[in-house]
Amino acid sequence: MSEADFSLESPSGVFVAVVGSSGVGKDSLIAYARQALHPDPRFVFVRRTVTRTAYVELEDHDSLSLAAFEDAEALGRFAMTWEAHGLRYGLPSSIHDDMAAGKVVTANISRKMLKMARQVFQRLQIVEITAPTEVRAQRLAARGRESAAAVEARLNRSVVPVAGPDVVQIENAGTLSEAGEQLAGLLRSLAS
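Every chain's residues receive numbers from 1 upward, in the order its sequence appears when written. Residue-level local features of this predicted model are given only where pLDDT is at least 70; pairs of side-chain atoms are given and counted only at 80 or more, and the full residue set underlies all totals for whole chains, interfaces and linings. Values shown for side chains rest on all heavy atoms present in the structure; no hydrogens or waters enter the calculation.

## Quick notes on the confidence of the model for the chain
Filter applied, for reference: Scored from 0 to 100, pLDDT reflects the predictor's confidence in each residue. Residue contacts are defined here by distance: any two heavy atoms, one from each residue, within 4.5 Å place the two residues in contact.
Averaged over every residue, the pLDDT of the chain is 88; the share at 70 or more is 91%. With pLDDT under 50 throughout, residues 1-10 is counted as low confidence; its partners more than four residues away or in other chains account for 25 contacts.

## Focus on the packing of helix α5 (residues 133-143) against helix α6 (residues 148-156)
Applied cut-off: Where helices are involved, their axes are fitted lines through C-alpha atoms of the stretch in contact, as for all axes, and angles between N-to-C directions lie from 0 to 180°. In this text, helices come from DSSP runs of H or I with a minimum length of four residues, and strands from runs of E with a minimum of two, each type numbered from the N-terminal end. Each helix crossing is assigned a hand: it is left-handed if the near helix lies turned anticlockwise from the far helix by less than a right angle, otherwise right-handed if that turn is clockwise. Gly is placed with the polar residues, together with every amino acid not listed as nonpolar (Ala, Val, Leu, Ile, Met, Phe, Trp, Tyr, Cys and Pro) or charged (Asp, Glu, Lys and Arg).
Contact geometry for α5 and α6: axes closest at 10 Å, N-to-C directions at 150 degrees. Taken as a pair, α5 and α6 cross one another with a handedness that is right-handed. In this structure, α5 contributes Thr-133, Arg-136, Ala-137, Leu-140, Ala-141 and Arg-143 to the contact, and α6 contributes Val-151, Arg-154 and Leu-155. Within the contact of α5 with α6, the residues separate by chemical class into 5 nonpolar, 1 polar and 3 charged.

## What about the sheet that holds strand β5 (residues 78-84)?
Which entries qualify depends on this criterion: Should DSSP find at least two bridges between two strands, the strands are regarded as paired.
An order of β4-β3-β6-β5 is seen for the 4 strands of this open sheet, with the pairing classed as mixed. Looking at which strands have only one partner, the edges of the open sheet turn out to be β4 (61-63) and β5. Ignoring which end each strand starts from, the neighbouring axes of this sheet average 25 degrees apart. Both strand β3 (residues 48-50) and β4 contribute to a ladder of 3 bridges, which runs parallel. The residue of β4 that forms the bridge with Arg-48 is His-61. Contacting β3, β5 and β6 (87-92), helix α2 (residues 66-74) crosses the sheet at an angle of about 40 degrees to β6.

## Some details on the layout of surface pockets
Where we set the bar: A cavity here means a set of points on a 1 Å grid, drawn over the protein atoms and nothing else, where a 1.4 Å probe fits but cannot get out; a pocket is an open set with protein on both sides within 12 Å along at least five of seven lines, and a residue lines either one if it has an atom within 4 Å of a point. Grid points are joined across faces, edges and corners, and a volume is the space filled by probe spheres set on the points.
Taken as a whole, the largest pocket holds about 850 Å³ of empty space. Together, 37 residues line the largest pocket, and Gly-20, Ser-21, Ser-22, Gly-23 and Lys-26 are the ones closest to its centre. Breaking the lining of the largest pocket down by element, the ones donating at least two residues are α1 (26-37), β5 and α5. Considering each element in turn, the lining of the largest pocket owes the most residues, 4 residues, to α5. When grouped by side-chain class, the residues that make up the lining of the largest pocket number 11 nonpolar, 13 polar and 13 charged. The computed volume of the second largest pocket comes to approximately 200 Å³. Looking at the second largest pocket, it is lined by 15 residues, and the ones nearest its centre are Ser-21, Arg-111, Glu-128, Thr-130 and Val-159.

## A word on the sheet that holds strand β7 (residues 104-108)
By way of backbone hydrogen bonds, the strands of a sheet pair with one another, either parallel or antiparallel. Here 5 strands make up an open sheet; going across it, the order is β2-β7-β1-β8-β9 and the pairing parallel. Single-partner strands in this sheet number two, and they are β2 (43-45) and β9 (167-171). Geometrically, the sheet is characterised by an average inter-axis angle of 20 degrees between neighbouring strands, direction not taken into account. One ladder, built from 5 bridges, connects strand β1 (residues 14-19) with strand β8 (residues 124-130); its direction is parallel. In the sheet register, Ala-17 faces β8, and the bridge partner there is Ile-126. Helix α7 (residues 176-191) contacts β1, β2, β7, β8 and β9 of the sheet and is inclined by roughly 155 degrees relative to β9.

## Looking at α2
The line we're drawing: To sort residues, take the accessible area from a 1.4 Å probe on protein chains only and compare it with the maximum for the residue type: under 20% means buried, over 50% means exposed, and anything in between is partly exposed. What the arc measures is the spread of directions leading from the helix axis to the C-beta atoms.
Buried within α2 we find Phe-69, Ala-72 and Glu-73. Angular distribution of buried residues about the axis of α2 spans 100 degrees; they occupy a single face of the element. Downstream of α2 by one or two residues, Gly-76 has phi in the positive range, about 75 degrees.

Rendered as structure tokens:
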């Protein structure tokens, strides 16, 4: 999909794009915030669709084969799609309805999609999650999804920090509750 395929949202809702390098704990922090804010209907936590089987204990996403993903994309079932690490990712088109209803919509997206997100959503809050390299290395190894060489390649990937007035950074180097409360608190402030 091109940037022109997206319509601008009502300014009443806010899209919270959570980004960060592999192993910083994006999914864990989002899960913590989801639990902390449940069952408040002002908050929506988006399940991505990925062309990979989900590891239930580690990730929260829907899985589709590549062919099924491409069919859904052609039918307009995604608000945004992208490719990373040899996989396809998509966010459901229901985001548009949630934004129009004034909700705080949170999703884990690729930082390379931020330019498009800034153009698509009139209200955008970017949350960049960070963690020291040694913490990321431990988390990536604990996931057990990749070889030691693949983990090393992820750790050595050059990443430029996200900049702009719409960016907040949260370091996730301590306990899950410390960084999780920061994220939940930010989301609460956006719903005010």
